[in-house]
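Reading the structure
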Amino acid sequence: MIQKNKGFRSIYRRGGLYLVGLIVLFIGIGILTTIKPAYRISSETISNLTNDIDSSTFLYLLGMENRVFTEAYPEDKRMPSLTSTLLQVATSVKPNDPRSLLGNELPGFSEFDSRILIAGEGTDYTNLPIESSPPLEDVLKDREAVVEDTEDKEQQEQQSEKNEKDEDRKESPTTGDRDVVYIYNTHNRESFLPHLPGVTDPNQANHKEVNITKVSDRLAESLENNGIGTSVDKSDISNILNEKGWSYGQSYDASREVAEEVLASNKDIQYVFDLHRDALPREKTTKKINGKNYARIMFVVGLEHANHEKNLKVASELHHLVEEKYPGLSRGIITKAGARVNGVYNQDLTENALLVEFGGVGNNLDELYRSADAVADVFSEFYWDAEKVDASSEGE
């Protein structure tokens, strides 16, 4: 008898909860549909409120109306807590994730608010990319830089291989005089500590010549060696910021103007790469492959634009291809969205736009060049395979 009473009590409690929920739902719908448009909550606002809620919560709610959805409910998930969900919507704080609270309170802690879509070897939330945000005056400072003469046996071998490829390319496909890849650098003065004598602070690792643009040049050269026409933007974004009186945080606004102009004038461009370097130490950004050190790469995709699924598709394919040919080179793919990050990174300009972190502040140019050659090698196979598929489709 007691068990039966408990069962009835449980049913009444759940029934009452559902009834209250329905009443609140209908009242909410009534308010949203009757108030003036100027005061209505936009879809963007709703998206921001619900963005961080676990997707299983919505699946559970759908299952309450249609039992078919319960079959897809994860076995390791419990019924969502109503109080936790309401707290999350109201405050953006997740009770089971301290990052959601600390990220708002501790300077720099929001760096860990990124999401790992695909984790490469050793990648977790303790070693996500760190983006330096120095004052613009520090970025523009003149510093001494040293680039050693590395014309060693390895480079001679590389040059020999290049000459052989040049001979082979007479029979290989080429884009001719069309530049189909465009490379630019939003943080163009990001440099590397091994080449900056006396500099130890990652935020001070900036130089007007010895910087990430050298990696862009090497990547372009390697792509050209594989028959893929590539252009590298030489705009000094840091100087543009200074001329406009903008802060370093507006770098993507400045590089967007440059990229838009190039894309508008060259309709042949199919892929756009924005190259950066991480601020993590070299032990996190270096991988030994076949006895040689490589600067590891990571793909970053912003979610706050309509193209992001297509950008993610390209990043995923390239990540897997890199890992297949150069195991451990890719640190994976992270996505970014929210109030404390850019969230777009100019990737809305084309569905084939990517931001790629090349190495870290502790890597040297030799390691970075090896990685640039590796990425060019993988991307070239990816590009020409896609071209073959497109050609066969047109033939049909």
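An account of the accompanying structure is given in this report. The shown structure was predicted, so the numbers you read here are calculated from the model rather than taken from an experiment. (Residues numbered from 1 in each chain as written. Predicted model: local features only at pLDDT ≥ 70, side-chain atom pairs only at ≥ 80, totals over all residues. Heavy atoms only, no water.)

For the rest of this paragraph, the subject is the side chain of Glu190. Topologically, Glu190 is positioned in the loop between β2 (181-184) and α8 (213-225). Of the side chains with opposite charge, Arg277 comes closest to the buried, unpaired Glu190, at an N-O distance of 4.2 Å. Within polar-contact distance, the side chain of Glu190 engages the backbone nitrogen of Arg277 at 2.9 Å. The residues contacting Glu190, other than those within four sequence positions of it, are Ala205, Asn206, Asn211, Ile212, Tyr248, His276 and Arg277. (Helix = DSSP H or I, 4+ residues; strand = E, 2+ residues; numbered from the N terminus. Buried < 20%, exposed > 50% of the residue type's maximum accessible area, 1.4 Å probe, protein only. Lys, Arg positive; Asp, Glu negative; His and termini not counted. Salt bridge = Lys/Arg side-chain N within 4 Å of Asp/Glu carboxyl O. Polar contact = N/O pair within 3.5 Å; in protein donor to acceptor, adjacent residues only side chain to side chain. Contact = heavy atoms within 4.5 Å.)

Turning our attention to the environment of Ser255. Its place among the elements puts Ser255 in helix α10 (residues 251-265). Along the chain, Ser255 and Ile237 lie 18 residues apart, while their C-alpha atoms are 6.3 Å from each other. With residues near it in sequence (within four places) discarded, Ser255 still touches Tyr184, Thr186, Ile237 and Asn346.

On the surface, Leu19, Ile23, Ile27 and Ile31 cluster together into a nonpolar patch covering about 380 Å² of accessible area. With respect to the secondary-structure elements, Leu19 resides in helix α1 (residues 2-34). (Patch = residues over 30% accessible without salt bridge, like charges linked within 9 Å, V, L, I, M, F, W, Y side chains within 5 Å. Areas by Shrake-Rupley, 256 points an atom, 1.4 Å probe, with all protein chains shown as cover.)

With that out of the way, let us pick up the packing of aromatic side chains. Per the counting criterion, the structure on display carries 10 aromatic pairs. Note on Tyr294 and Tyr326: the rings are 6.2 Å apart at their centroids and 50 degrees apart in plane angle, and the pair reads as tilted. One end of the pair, Tyr294, is in strand β6 (residues 292-295); the other, Tyr326, is in the loop between α12 (308-325) and β8 (330-336), and 32 residues separate them in sequence. Where Phe379 meets Phe382, the ring centres are 5.8 Å apart and the plane angle is 40 degrees; that geometry is what we call tilted. Taken together, the positions of Phe379 and Phe382, both in helix α13 (residues 365-395) and three residues apart, correspond to about one turn of that helix. Each member of the pair, Phe379 as well as Phe382, is classed as buried. Pairwise contacts between aromatic rings join Tyr271, Phe273, Phe379, Phe382, Tyr383 and Trp384 into one cluster. (Phe/Tyr/Trp six-rings, centres within 6.5 Å; stacked < 30°, edge-to-face > 60°.)

By themselves, these observations are geometric and do not establish any function.
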